[in-house]
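Structural characterization, general
Residues per chain are reported as follows:
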There are 2 protein chains.
Amino acid sequence: MPVESSVDLSSDLWRQVQPEAARRLMLAALDSFASRGYHATTTRHIATGAGMSPAALYVHFPSKAALLSEISRTGHELTLALVERAVSQGGDPVARMRALVEEFVAWHAERHTVARVVQYELDALPEEAHRVVADLRRRTEQVVRDAIADGVEEGSFDVPDVRTAALAVLSLGIDVARWYTVRTPKSPRTLGREYADLVLRMLGAKAA
Amino acid sequence: MPVESSVDLSSDLWRQVQPEAARRLMLAALDSFASRGYHATTTRHIATGAGMSPAALYVHFPSKAALLSEISRTGHELTLALVERAVSQGGDPVARMRALVEEFVAWHAERHTVARVVQYELDALPEEAHRVVADLRRRTEQVVRDAIADGVEEGSFDVPDVRTAALAVLSLGIDVARWYTVRTPKSPRTLGREYADLVLRMLGAKAA
């Protein structure tokens, strides 16, 4: 079955990456990792996808592992920033959790190609990148746990186990990247809102 | 980062597959698909993993795609059988949904290696296998949707949208395969019970 063309690479992905050639290589690497898988991708595939020679690739990245590391690190940084921003926008614990789930789910739908590579190619990361990414993941999980614990303490949430509930919240968001495609009729934003409602019920939210 | 040895291949996997050589090839293929990815696996890797020659592999399977198809089909059949059995065991809609989630989650934890290949390598399936598997997936989703709709009709559940709720229930179970490892301190069974509690709250279950 040919890989569906479920490209979610709107033109603003990695807009801050300089020079432009490095950005093009990251987009080409993402494309190949997503369609062929990381292990079956060669630096030649990536260079060709970016319209460059393999030699030109090495000017910017020493290896395909370096490209995966950069994609994974920036993807995890974005996710962490997104949940941190959501919970820092004030409001009560219910409003904060609603914002967190809406943003987290919408991101995994909108950016499902990046999210898939970021989530499913962890084992392929070199050791140093793995450490960096593991730290970003722990911090993201902690934001979610704290957001739930705040609500429990404040009396808005009621969960048997904060850790398990946090895992479930993250799972609901992350798994969206597995099944969401550009042909899914529901918009990322609508899905985010519906999932936020479900999560608030799951957390026993009083106002839900 | 070397792939962790998170082998969940208890000896009874594919016990019904005959002859024994075919079963050994499926286990070796699963192992290689899970660690290297499907695209980077060669029939030589699989044959070597099974202690056989590449020529001996072809006696049983015409290609690595045939092995993936067989792994995927049997995995999906098992999942469908499991949810069908759970909802057919009687009880009210709440008891049936509890059984469904417990079994579904425990299976994805216990068999995370199989489940990962089954869930994440759909794009690599040949067209015919893809059709078969898509049908099994539709039927599994339908069982979950029906189980929720029954509860809504009977007054035990209260959800804004049955389709979205069913997606969320399936996501919670499937995503367990992504993060569960043999080192996860919680047993598959305990996790299944905790997730069933969360799902029942999500569905607005009266008795939850």
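Everything quoted here is computed from the prediction, not taken from an experiment. (Residues numbered from 1 in each chain as written. Chains lettered and ligands numbered in written order. Predicted model: local features only at pLDDT ≥ 70, side-chain atom pairs only at ≥ 80, totals over all residues. Heavy atoms only, no water.)

**Description of the overall build of chain A**
When helices and strands are tallied, chain A shows 10 helices and 0 strands. Start at the N end of chain A and walk to the C end: the helices and strands fall as α-α-α-α-α-α-α-α-α-α. In terms of overall size, chain A behaves like a compact globule, its C-alpha atoms giving a radius of gyration of 18 Å where 208 residues would be expected to give roughly 17 Å. Overall, the C-alpha framework of chain A stretches about 60 × 35 × 30 Å when taken along its three principal axes. (Helix = DSSP H or I, 4+ residues; strand = E, 2+ residues; numbered from the N terminus. Rg over C-alpha atoms; globule rule 2.2 N^0.38 Å.)

**Describing helix α1 (residues 20-36) of chain A**
Since one α-helical turn is 3.6 residues long, residues separated by three or four positions face the same way. Residues and elements named next belong to chain A. In this model, α1 (17 residues) spans 24 Å end to end at C-alpha, consistent with the 24 Å of a helix rising 1.5 Å per residue. Along α1, the residues classified as buried are Ala 21, Ala 22, Arg 23, Leu 25, Met 26, Leu 27, Ala 28, Ala 29, Leu 30, Ser 32 and Phe 33. At its buried positions, α1 is contacted by α2 (43-49), α3 (54-60), α4 (64-87) and α6 (112-120). Looking one or two residues beyond α1, the residue adopting positive phi is Gly 37, at roughly 90°. (Expected span 1.5 Å × (residues − 1). Buried < 20%, exposed > 50% of the residue type's maximum accessible area, 1.4 Å probe, protein only. Contact = heavy atoms within 4.5 Å.)

**Comments concerning the packing of helix α5 (residues 93-110) of chain A against helix α8 (residues 162-174) of chain A**
Residue and element names in this part refer to chain A. Remark: α5 packs on α8, axes separated minimally by 8 Å, with the N-to-C direction vectors making an angle of 35°. For the pair formed by α5 and α8, the contact residues are Val 101, Phe 104, Val 105 and His 108 on the first element and Val 169, Leu 170, Gly 173 and Ile 174 on the second. Among the residues making up the contact of α5 with α8, the classes are represented as 6 nonpolar, 2 polar and no charged. (Axes fitted to C-alpha atoms, helices over the stretch in contact; angles between N-to-C directions. Nonpolar A, V, L, I, M, F, W, Y, C, P; charged D, E, K, R; others polar.)

**Focus on the relation of the copies chain A and chain B**
The relation between the two chain copies is a rotation about an axis coupled with a shift along that axis. Overlaying chain A with chain B gives an RMSD of 0.0 Å, the required rotation being 180° about an axis along which the chain moves by 0.0 Å. Each copy turns onto its partner about a two-fold axis. A symmetric contact is evident, with 100% of the interface residues of chain A recurring at the interface of chain B. (Least-squares fit on C-alpha atoms with pLDDT ≥ 70 in both.)

**Here's the deal with the nonpolar core**
Judged by nonpolar contacts, the single largest core of 81 residues is most densely connected at Ile 148 and Tyr 195 of chain A together with Ile 148 and Tyr 195 of chain B. The dominant element in this core, judged by the number of residues it contributes, is helix α5 (residues 93-110) of chain B, at 9 residues. When residues no more than four places from it in sequence are discounted, the contact partners of Tyr 195 of chain A are Val 101, Val 105, Leu 172, Val 176 and Trp 179 of chain A together with Thr 164, Leu 167, Ala 168 and Ser 171 of chain B. (Core = buried A, V, L, I, M, F, W, Y, C linked by side-chain atoms within 4.5 Å.)

**Some details on the pattern of salt bridges**
Pairing is possible between side chains of opposite charge, provided their charged atoms come close. Residues and elements named next belong to chain B. Under the counting rule described, the total for this entry stands at 24 salt bridges over all chains. For Glu 70, the salt bridge is made with Arg 73, and the minimal N-O distance between the two is 2.6 Å. Of the two residues, Glu 70 and Arg 73 both sit in helix α4 (residues 64-87), 3 residues apart, roughly one turn of that helix. A relative accessible area of 23% means that Glu 70 is categorised as partly exposed. (Salt bridge = Lys/Arg side-chain N within 4 Å of Asp/Glu carboxyl O.)

**Describing the interface of chain A and chain B**
Listed by partner, the interface residues are 37 residues for chain A and 37 residues for chain B. Buried surface at the junction of chain A and chain B, both sides included, amounts to about 3,200 Å², of which 59% is carbon and sulfur. One can count 4 salt bridges joining chain A with chain B. Linking Lys 186 of chain B and Asp 161 of chain A is a salt bridge whose minimum nitrogen-to-oxygen distance equals 3.9 Å. Summed over the shared surface of chain A and chain B, the result is 12 residue pairs in polar contact (both at pLDDT 80 or more). Within the residue set of the side of chain A that touches chain B, elements represented by two or more residues are α1, α6, α7 (127-154), α8, α9 (176-179) and α10 (188-202) of chain A. Within the side of chain A that touches chain B, the residues separate by chemical class into 18 nonpolar, 8 polar and 11 charged. (Buried area = accessible area lost by both parts, 1.4 Å probe. Polar contact = N/O pair within 3.5 Å; in protein donor to acceptor, adjacent residues only side chain to side chain.)

**Observations regarding the domain arrangement of chain A**
Residue and element names in this part refer to chain A. Splitting chain A by domain gives domain 1 (20-60) and domain 2 (64-202). The C-alpha centroid of domain 2 is placed 27 Å from the C-alpha centroid of domain 1. Listed per partner, the contact involves 13 residues of domain 1 and 12 residues of domain 2. Between domain 1 and domain 2, the buried area comes to about 1,100 Å², and carbon and sulfur atoms account for 79% of it. For domain 1, the biggest contributors to the area lost against domain 2 are Met 26, Leu 30 and Tyr 38; these three give 55% of the whole. The interface formed by domain 1 and domain 2 includes 0 salt bridges. For the side of domain 1 that touches domain 2, the secondary-structure elements that each account for two or more residues are α1 and α2. Of the residues forming the side of domain 1 that touches domain 2, the biggest block, 6 residues, is contributed by α1. Classifying every residue of the side of domain 1 that touches domain 2 gives 9 nonpolar, 4 polar and no charged. (Domains from an automatic or database assignment.)

**Details of the packing of aromatic side chains**
Per the counting criterion, the structure on display carries 5 aromatic pairs over all chains. Seen in terms of ring centroids, Trp 179 of chain A and Tyr 180 of chain A are 6.0 Å apart; in terms of plane orientation they differ by 50°. Their pairing is tilted. Each of the two residues, Trp 179 of chain A as well as Tyr 180 of chain A, counts as buried. Above the face of the Tyr 38 of chain B ring, Lys 64 of chain B is positioned so that its terminal group lies 4.3 Å from the ring centre. (Phe/Tyr/Trp six-rings, centres within 6.5 Å; stacked < 30°, edge-to-face > 60°. Lys NZ or Arg CZ within 6 Å of the ring centre and 35° of its normal.)

**Focus: the UniProt feature "domain: HTH tetR-type" (unreviewed entry) in chain A**
Here the UniProt-annotated "domain: HTH tetR-type" (unreviewed entry) positions come out as residues 19-79 of chain A. Helix makes up 77% of residues 19-79 of chain A and strand 0%. Its end C-alpha atoms lie 24 Å apart. (UniProt positions renumbered as here; feature names shortened; annotations may be inferred.)

**Observations regarding the environment of Val 143 of chain B**
Residue and element names in this part refer to chain B. Tracing the sequence through the fold places Val 143 in helix α7 (residues 127-154). Taking the C-alpha atoms as reference points, Val 143 and Val 83, 60 residues apart in sequence, are found 7.1 Å from one another. With near-sequence residues (within four places) excluded, Val 143 lies in contact with Leu 80, Val 83, Glu 84, Val 87 and Leu 100.

**Topic: α5 of chain B**
Across its 18 residues, α5 of chain B extends 25 Å between first and last C-alpha, which sits within 8% of the 26 Å expected from 1.5 Å per residue. By the criterion of burial, α5 of chain B is predominantly enclosed, with 14 of the 18 residues buried.

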